[in-house]
Amino acid sequence: MEIAKTYDSAKAEQTWYQYWLEKKFFKSTPDHRTPYTIVIPPPNVTGVLHMGHMLNNTIQDVLIRRARMLGFNACWVPGTDHASIATEAKVVALLKEQGIKKSDLSREDFLKHAWDWKEKYGGIILEQLKKLGASCDWDRTRFTMDEDMSESVIDVFIDLYNKGQIYRGVRMVNWDPQGLTAVSDEEVIYKEAQSKLVYVKYQIEGSSDYITVATTRPETIMGDTAVCVNPTDERYAHLRGKNAIVPIVNRVVPIIFDEYVDKEFGTGTLKVTPAHDINDFNLGQKHQLPSIDVLTQDGKISEAAGAYIGMDRFACRKQIIKDLEEQSIVTKIEDIKNKVGYSERTNAVIEPRLSMQWFLKMDTISKPALDNVLNGEIKLIPEKFVNTYKHWMENVHDWCISRQLWWGQRIPAWYDSQGNTVVAKTKEEAEEKLRIKNPNLKIDDIKQDDDVLDTWFSSWLWPITVFDPQVIKNGKDKANTDLNYYYPTNDLVTAPEILFFWVARMAIAGYEWLAEKPFTNVYLTGIVRDKLGRKMSKSLGNSPDPLDLIEKYGADGVRVGMLLCSPAGNDLMFDESYCEQGRNFANKVWNAFRLIKGFEIANTEQPESSKAAIQWFNNRLSEQLGIINDHYSKYRMSDALMTTYKLVWDDFCAWYLEAIKPEFIDGKALPIDHTTYSATIHYLEDLLKLMHPWMPFITEEIWHLIKERDEKDCVIISEWPQSLSHLNEPLLKEFEVAKELVTMVRNVRAQKQLSPKEKLDVIEKSESSKSHFDNTIIKLANLSSYSYTKEKVENAFSFQINTTEFYIPLSMNLNKEDEINRLTKELEYNKGFLKSVQTKLSNEKFVANAKPEVIAIERKKESDALSKIKTLEEQLSVLN
RNA sequence: GGGAGAUUAGCUCAGCUGGUUCAGAGCACCUGCCUUACAAGCAGGGGGUCACAGGUUCGAACCCUGUAUCUCCCA
């Protein structure tokens, strides 16, 4: 069979993904094996594959593929998240393009449009995941708004409400005036901004005196209901019991005293606007101040303000400063830096706003989720995130779970016209409950809450309901087979950004409803940045399209490139050159295979050099496999990959294949013997297995090109190689010396400008004769002979490896001066080294305190150095 | 403002319990090679005051204190 000169990644990707699907290799059903489970962090239905997904899902695929090969029943559950705000915004925008306003549609009609959108575009990202090779059990694909998934969200709400964990109340929320919804604390991004601190004089009632307040938000002046100073601030002590007059609206408000006020900031005087600032709200509660809401929900000045009605909040800020200046009551405008909150979804400036929302109490419910991370039952990788997690969980706030949107699970709360509220799954049930409170209830008076639940309030159930959506309703005693088998899942791979949004809340849900953790290990990836360290984002345009990368470098190349630069939990500075490295590696593997495949096999005797190389590689592979497994067990993904990379490239290609490669005689390659060939194929197969999780496509392709195989004989379901029970360490060390020797000979050739074709002799000064690798060395270094002597050899190039001396007789004359220089340099280095060792050994405290092993090592260093020095001196004396 | 982490070669990072000739890897770079698997390659090579200043110790990249810079989280 003719093997193509270059590897065609596109073809292999197409062929093998299809084949794996057909043979149902990704499919998992409960059986006698131990399960290994991952649930995908469901990407937004609105999402398209970006580099973050690429990283995240490649890691999951590596883990799941290796688990499959280790004999676990591997199950990777895929799916998408309905993403209330993002999706609703998308649909609203699309309708707008068609000239339809959301406000003109009924809830039902709008949802119809939203579902249409979801059906049409919602699966794109999952299709893209297939391109990178994701081996998900696609039959298990879930959506957070699937009917049964949604039902469980409602059940959970009702359950928590009945447990008294959910309440409704007026609170200061983070209002997104563009999305027209409240968002949770976690969805607010604080950014530093240049703001103006405006100093405004408020007249003291019944006096010509003024008090000056400093504010960054003059547009809320109309909502002021007090002026506050610190009680210890002597500057204002005389104002106790006085009132101030709010400009513009001429409202008389009390001057109150509270230690909250920072004497140093501004003038030490605070205008209190309880409706528009969380701290002012708290002050207002404490001092029983009224709240005046001067903003509308879309961020305009409201009727209640009494001035500037209908003006946009930012326009009003400018205008009001101008007007106050005209009244000559602005004493100063200062440029300051402060933090301004922006909506994660719409990027609008968040407006703290009082509104009626639903909340989940977090204090007691979050306890087990904290304890079980602290006691190691759930592991965060890397560990440093435990601190962050702990800090958040210990200071957790009640969770605002209502959103003023339509796309999502509608809150199962029902109201009558009398102000009664009940929580019930259906209107019928609600009617029953309401009728108890209100016997005159009319059916038409029953109204369901208009709001939906926060998306995270549905995705926190993900690891549970993807397996058994009924378990909330039925109780964990009646959990189905899937849940009993797959839960708790093994590993969760996600971004640290959603540690609180999602990870913490899944842990809470797991303990709340199943009394068990949802996952054992949480692997937190870094953020993909460009090489300037900027986060990759659409708006910056600094993110390559992963699908373009796949086309350019092959899926395997991109996967390798991605993971080469991804230390756990640290951000990765991505650069396309990593993908290039990945592609080059694939090319190397392809060519190694081409070489092997091109061998002509014959019934010839196995050369000693091959026999020794096989023995060595057998041990080497086993040794490195141990290291690779260890890296995996510690989730050091890039280390596991790099160890595999070097095992293949350096050990297998550069040393092993060179050692067993048949020689050319008269321009014709000799055949290879059967024993060596089959060992080589065996090693290649083992290496393909080790590479498979990283490079699924090329490994499967080569696996099948090696020979005709049964339809289910695929590397994807092959068995992960086993380590030897006993490693031959001395043999491994001996080969390291052999490598050094070969390198030395190559160096001599380069230095003396000898052709690689010219054969040389190497003589080892040694008591014994013959070692394992003599013939291998002869071959690799292109020697005519490798011999032993007990005597010094004169007029030869000489060098030492460890304490052994070697000679290479050369036909040409050695340049004496060069040799003397070289040897003198080495001598000096060794003398210096000896001195440092001897200083250490003559230090009584060292000898008294250091461990015996350490002292023994130092003694060995001393004697080795002495022997080296002796040899070098002898060599030099000969030259002189 | 409070907390966490980081700083090692040009870049990205390892360095696990303080002790092997310990200062490493990959990439990049330089030199020489189109040697019949591979120039997406082969063979060689240079490159670091381990952020800075102290301290502990027989011994510090590693432990402690302080300083600087950066990143993240929370308010």
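Here the structure is a predicted model, which means the values were calculated and not measured.

A.B. asks: Run through the protein's contact with RNA strand B, naming residues and quoting values.
C.D. replies: Among the 43 residues in the neighbourhood of RNA strand B, the closest are listed as Q581, N587, Y829, F846 and K861. Within 4 Å of the protein, the contacting atoms of RNA strand B are drawn from sugar and phosphate to the extent of 59%. The contact in question runs from a base nitrogen of RNA strand B to an N or O atom on the side chain of R583, over 3.5 Å. Within the contact set of RNA strand B, a base nitrogen lies 3.3 Å away from a backbone nitrogen or oxygen of A592. Those elements that provide at least two residues to the surface near RNA strand B are helix 10 (385-394), helix 19 (576-597), helix 21 (637-660), helix 24 (729-751), helix 26 (816-842), helix 27 (844-849) and helix 28 (852-879). For the surface near RNA strand B, the residue count by class is 16 nonpolar, 14 polar and 13 charged.

A.B. asks: Account for the packing of aromatic side chains, naming residues and giving values.
C.D. replies: Counted under the stated rule, the structure contains 42 aromatic pairs. Aromatic side chains W16 and Y19 sit 5.3 Å apart centroid to centroid with 75° between the ring planes, which places their arrangement in the edge-to-face category. One end of the pair is W16 and the other is Y19, both in helix 1 (residues 9-22) and three residues apart, which spans about a single turn. Relative accessible area serves as the criterion here: at 9%, W16 is assigned to the buried category. Relative to Y683, the ring of Y656 has its centre 5.5 Å away and its plane inclined at 85°; by these criteria the two rings are edge-to-face. Taken together, the residues Y656 in helix 21 and Y683 in helix 22 (residues 674-691) connect sequence positions 27 residues apart. Here the aromatic cluster, defined as three or more aromatic residues joined through ring pairs, consists of W616, F617, F652, W655, Y656, Y683, F735 and F773.

A.B. asks: Kindly report on a nonpolar patch on the surface, identifying the contributing residues and their values.
C.D. replies: Taken together, the side chains of V48, Y121 and I124 make up a nonpolar region of the molecular surface, amounting to roughly 220 Å² of accessible area. The topology assignment puts I124 in helix 5 (residues 124-131).

A.B. asks: Describe the confidence of the model for chain A, listing the residues and the values that go with them.
C.D. replies: Predicted coordinates in regions of low pLDDT should not be interpreted in detail. Residues of chain A with pLDDT of at least 70 account for 98%, and the chain-wide mean is 89. Listed scores for the predicted complex are pTM 0.88 and ipTM 0.94.

A.B. asks: Tell me about helix 5, and name the residues and values.
C.D. replies: If you check which residues of helix 5 are buried, you get I125, L126, Q128 and L129. Here the buried residues of helix 5 occupy an arc of 155° about the axis, which is enough to place them on one side. Residues of helix 5 that are buried sit in contact with helix 2 (51-69), strand 3 (79-80) and helix 17 (546-553).

A.B. asks: Explain the sheet that holds strand 5 (residues 166-176) residue by residue, including any values.
C.D. replies: Strands sit in the order 6-5-14-16 across an open sheet of four strands; the sheet is antiparallel. Sheet topology places strand 6 (181-183) and strand 16 (399-400) at the edges, where each strand pairs with a single neighbour. When strand 5 meets strand 14 (residues 351-360), the two strands line up antiparallel, connected through ten bridges. Residue W175 lies in a different strand from strand 14, and its bridge partner there is E351.

A.B. asks: Talk me through the environment of W406; I want residue IDs and the actual numbers.
C.D. replies: Secondary-structure assignment places W406 in the loop between strand 17 (402-403) and strand 18 (413-415). Residue classification places W406 among the buried residues on the basis of a relative accessible area of 19%. Expressed as a C-alpha distance, the spacing of W406 and E108, which sit 298 residues apart in the sequence, is 9.1 Å. Not counting chain neighbours up to four residues away, the residues in contact with W406 comprise E88, K102, L105, S106, R107, F110, L111, D450 and V452.

A.B. asks: Quick rundown of the nonpolar core? Include the residues and the values.
C.D. replies: One finds Y389, F457, W460, F574, F652, Y656 and W694 to be the most contacted residues of the largest nonpolar core, which totals 191 residues. Apart from the residues lying within four places of it in its own chain, the contact partners of Y656 are A613, I614, W616, F617, D651, T676, A679, T680 and Y683. Counting residues in each nonpolar core, the second largest holds 30 residues, with V198, Y236, L295 and I329 among its members.

A.B. asks: Any chance you could break down the packing of helix 9 (residues 367-374) against helix 10 for me, citing the residues and the numbers?
C.D. replies: Their axes nearest at 10 Å, the elements helix 9 and helix 10 cross at an angle of 155°. Comparing their axes, helix 10 and helix 9 come out roughly antiparallel. The crossing of helix 9 and helix 10 is left-handed. In this structure, helix 9 uses A369, L370, V373 and L374 to contact helix 10, whose residues at the interface are V386, Y389, K390, M393 and E394. Residues that form the contact of helix 9 with helix 10 fall into these classes: seven nonpolar, no polar and two charged.

A.B. asks: Run through empty space enclosed by the protein, naming residues and quoting values.
C.D. replies: Tallied over the entire structure, the rule returns one cavity of 30 Å³ or more. By volume, the largest cavity is sized at about 40 Å³. Along the walls of the largest cavity sit T144, M149, S152, V153, S458, S459, W462 and T465, which together make up its complete lining. Of all the secondary structure elements, the ones that give two or more residues to the lining of the largest cavity are helix 6 (147-162), helix 12 (456-459) and helix 13 (462-465). Looking at the lining of the largest cavity element by element, the count peaks at three residues for helix 6.

Analysis parameters
Residues numbered from 1 in each chain as written. Chains lettered and ligands numbered in written order. Predicted model: local features only at pLDDT ≥ 70, side-chain atom pairs only at ≥ 80, totals over all residues. Heavy atoms only, no water. Near = heavy atom within 4 Å. Polar contact = N/O pair within 3.5 Å; in protein donor to acceptor, adjacent residues only side chain to side chain. Helix = DSSP H or I, 4+ residues; strand = E, 2+ residues; numbered from the N terminus. Nonpolar A, V, L, I, M, F, W, Y, C, P; charged D, E, K, R; others polar. Phe/Tyr/Trp six-rings, centres within 6.5 Å; stacked < 30°, edge-to-face > 60°. Buried < 20%, exposed > 50% of the residue type's maximum accessible area, 1.4 Å probe, protein only. Patch = residues over 30% accessible without salt bridge, like charges linked within 9 Å, V, L, I, M, F, W, Y side chains within 5 Å. Areas by Shrake-Rupley, 256 points an atom, 1.4 Å probe, with all protein chains shown as cover. Salt bridge = Lys/Arg side-chain N within 4 Å of Asp/Glu carboxyl O. pLDDT = per-residue confidence, 0-100. Arc of directions from axis to C-beta. Contact = heavy atoms within 4.5 Å. Pairing = 2+ DSSP bridges. Core = buried A, V, L, I, M, F, W, Y, C linked by side-chain atoms within 4.5 Å. Axes fitted to C-alpha atoms, helices over the stretch in contact; angles between N-to-C directions. Parallel < 35°, antiparallel > 145°, perpendicular 65-115°, else oblique. Left-handed = near helix turned anticlockwise from the far one by under 90°. 1 Å grid on protein atoms, 1.4 Å probe; cavity = no way out; pocket = protein on both sides within 12 Å on 5 of 7 lines; lining within 4 Å. Points joined across faces, edges and corners; volume = space filled by probe spheres on them.

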